[in-house]
Amino acid sequence: MEPSASAVIQADARGAEKFDVLQGIPTSENLYVNALAKSYLYRNTFTETTGTKQYPIQVSKTYTLTWTETRSGPPDADGNPTTITVPRSDTQTVTKNYSIERKYSFWTIQNLEVYGIQKAIVSNYALPSGTVTLEPNGYAPPTVSAAHDASLNAHIIDPVYSNVTLPGQTISGGSRRPSVPNEDWTNEAEKDIGKIKVKNDSFVFNGNTIMDNRIVEEKGPTPGAIPAPPMIGQDVLYGSGYVIDAGKTNKANQPSTGTIFYTLVKGIGGGENKSYPIGGINPVTVHTPVVNYASVSDDQAHNQKTQPTAGRSALILDRPFSVTIPTSGPHMDIKGYGNRDYAKYVRDKQVRFPFDVYKADRTSFVPKDTWVSIPVGQLQTTFYLPVWVDEGHYDVLFRTFAENSPASFTSQMNANLDLSNHVVRAGGSSGSDRTSL
């Protein structure tokens, strides 16, 4: 009755996991859930009933008794007395009562409970709605055929017999009436009464006879044992394609719980559907990675300063310039992350200028200190610098929002290595030259 249940939650696809969910898996990625357990559960109590019964029987025998008697006869010619011998006979029937003992032994099912898998439920923050239900696939519960009868008469068949009449016997007594002998006819009585026939309860499990209910003499066959249940295959309780919702914020080491359910297949003397907790399921860390290694173009060819400021991009009045906001770059050095493109997880990219600008069409005006969204898939975006911007040193700000960013968020430079941050920022230094070229 111990299911030995276990389960895992991992990144799709099984056997080729793209992420280590203990370290981190982004939203919009898929999970699979796999549970293992015994294919069935059971418990049983088989009871042997033994006893004896007494069967009364009469044994009869008729004796023919013969002897002779001497009587006085008529006197002879000389007048002397004479004797004559007269044969005599009689019959006598003797009946004796015996009680013959017969043994019996048979097996019955006092308790039998067999359970098949119904389903498994696994819960984790990262799963859709927090919970998934795994229905058995390619699974067949054990087949059970069993019958129990508590009455004694259902398990024993009395022997059929009748009273015994032994062959007659003639006893000669000579000159005296003989006596009838005192004989013991126990053996004859025993021979006439057969053994009790018995029958067990019946129990067939997966086509194998565990308790045989064939009618046999005196002793029913000892029942066998229910086979130990094997573990189910890996595809029986398996589900995949569980997308981590983009609205779920980053959370580390979210605990998992699970329950496996078994349905009563056959119950004699007890049993009801069972459920058991699945312990030891791994936690999941949700961490949606984004990077921001943005930059501002440097219009050095049109910079008229004799000594340009080192480390800053030159923006020239009334000329176009561009900003680059890539979605690729280095992140944590863990499975599935690293140096790659993270556009899949970006909800928005934005830039903010500390001076007025125009968009590429030179008609859409963007006031200073206004966050401007850039299409995620657009690497470079062109702007124009108006002539009225004062010469100076400025910092252009950039930020990239992960798709699961909450309304209230914190940010980190370049990459959200700390999962508490859902936004990454970057700053590009620039300068403006008042000369119009």
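Going by the structure above, here's the rest.
Only a predicted model underlies this, so the values are computations on that prediction, with no experimental measurement involved. (Residues numbered from 1 in each chain as written. Predicted model: local features only at pLDDT ≥ 70, side-chain atom pairs only at ≥ 80, totals over all residues. Heavy atoms only, no water.)

Colleague: How should the overall build of the protein be read in this particular structure?
Modeller: In terms of regular secondary structure, the protein is built from one helix and 31 strands. In terms of overall size, the protein is more extended than a compact globule, its C-alpha atoms giving a radius of gyration of 52 Å where 437 residues would be expected to give roughly 22 Å. The dimensions of the protein, computed from C-alpha atoms along their principal axes, are 200 × 30 × 25 Å. Within the protein, buried positions represent 41% of all 437 residues. Of the contacts formed within the protein by residues at least 6 apart in sequence, a portion of 76% connects residues at least 24 apart. For the protein, the exposed area adds up to about 21,800 Å²; of that, 47% sits on carbon and sulfur atoms. Taking the average place of the 39 positive charges on the side chains of the protein and the average place of its 42 negative ones, the gap between the two points comes to 1 Å. (Helix = DSSP H or I, 4+ residues; strand = E, 2+ residues; numbered from the N terminus. Rg over C-alpha atoms; globule rule 2.2 N^0.38 Å. Buried < 20%, exposed > 50% of the residue type's maximum accessible area, 1.4 Å probe, protein only. Contact = heavy atoms within 4.5 Å. Areas by Shrake-Rupley, 256 points an atom, 1.4 Å probe, with all protein chains shown as cover. Lys, Arg positive; Asp, Glu negative; His and termini not counted. Charge placed at Lys NZ, Arg CZ, Asp CG, Glu CD.)

Colleague: Sorry if this is basic, but what is going on with the pattern of salt bridges here?
Modeller: Counted according to the given criterion, the structure contains twelve salt bridges. Here Asp158 makes a salt bridge to Lys53, at a shortest N to O gap of 3.0 Å. On the criterion of sequence distance, the pair formed by Asp158 in the loop between strand 7 (156–157) and strand 8 (164–165) and Lys53 in strand 3 (residues 40–73) is long-range, its members being 105 residues apart. For Asp158, a relative accessible area of 36% corresponds to the partly exposed category. According to the relative accessible area criterion, Lys53 is partly exposed, its value standing at 25%. When the shortest N-O distance is used, the salt bridge between Glu69 and Arg88 registers 2.9 Å. With Glu69 in strand 3 and Arg88 in strand 4 (residues 82–124), this pair connects stretches of sequence that are 19 residues apart. (Salt bridge = Lys/Arg side-chain N within 4 Å of Asp/Glu carboxyl O.)

Colleague: What am I meant to see in the nonpolar core here?
Modeller: Most often, soluble globular proteins keep nonpolar side chains buried together rather than apart. The biggest cluster of nonpolar side chains holds 40 residues, and the ones touching the most others in it are Leu31, Leu237 and Ile260. When contributions to this core are tallied by element, the ones reaching two or more residues are strand 1 (6–11), strand 2 (30–36), strand 4, strand 5 (131–134), strand 14 (237–243), strand 16 (256–268) and strand 18 (284–286). For this core, the element with the most residues is strand 4, which contributes four residues. Core analysis: the next-biggest nonpolar cluster, separate from the first, contains 21 residues, Ala294, Phe383, Tyr394 and Phe398 among them. (Core = buried A, V, L, I, M, F, W, Y, C linked by side-chain atoms within 4.5 Å.)

Colleague: Help me out: how do you make sense of the side chain of Asn200 in this one?
Modeller: Here Asn200 shows up in the loop between strand 10 (197–198) and strand 11 (202–205). Here the side chain of Asn200 touches Pro221 through a polar contact of 2.9 Å, landing on its backbone oxygen. Residues in contact with Asn200, not counting those within four places in the same chain, are Phe106, Trp107, His155, Met211, Asp212, Asn213, Gly220 and Pro221. (Polar contact = N/O pair within 3.5 Å; in protein donor to acceptor, adjacent residues only side chain to side chain.)

Colleague: I would appreciate a short explanation of a nonpolar patch on the surface in the present structure.
Modeller: A surface patch of nonpolar side chains, amounting to about 300 Å² of accessible area, comprises Phe365, Val387 and Trp388. Within the fold, Phe365 resides in strand 26 (residues 365–366). (Patch = residues over 30% accessible without salt bridge, like charges linked within 9 Å, V, L, I, M, F, W, Y side chains within 5 Å.)

Colleague: When you look at the sheet that holds strand 14 in this model, what are you seeing that I'm missing?
Modeller: Strand pairing in a sheet takes place through backbone hydrogen bonds and is either antiparallel or parallel in direction. The strand order 1-2-14 describes an open sheet built from three strands, whose pairing is antiparallel. A single partner strand is all that each edge strand has here, and the edge strands are strand 1 and strand 14. Along the sheet, successive strands turn relative to each other by an average axial angle of 15°, direction set aside. In this structure, strand 2 lies alongside strand 14, joined through five bridges in antiparallel fashion. (Pairing = 2+ DSSP bridges. Axes fitted to C-alpha atoms, helices over the stretch in contact; angles between N-to-C directions.)

Colleague: Can you walk me through the pairing of strand 6 (residues 144–147) in this structure?
Modeller: Strand residues, when the strand is regular, have side chains that alternate between the two faces of the sheet. By the alternation rule, side chains of strand 6 split into Val144 and Ala146, which are all buried, and Ser145 and Ala147, of which none is buried. Where strand 6 lies against strand 11, four bridges are found, and the strand directions are antiparallel. Residue pairing for strand 11: Ala147 is matched across the bridge by Ser202.

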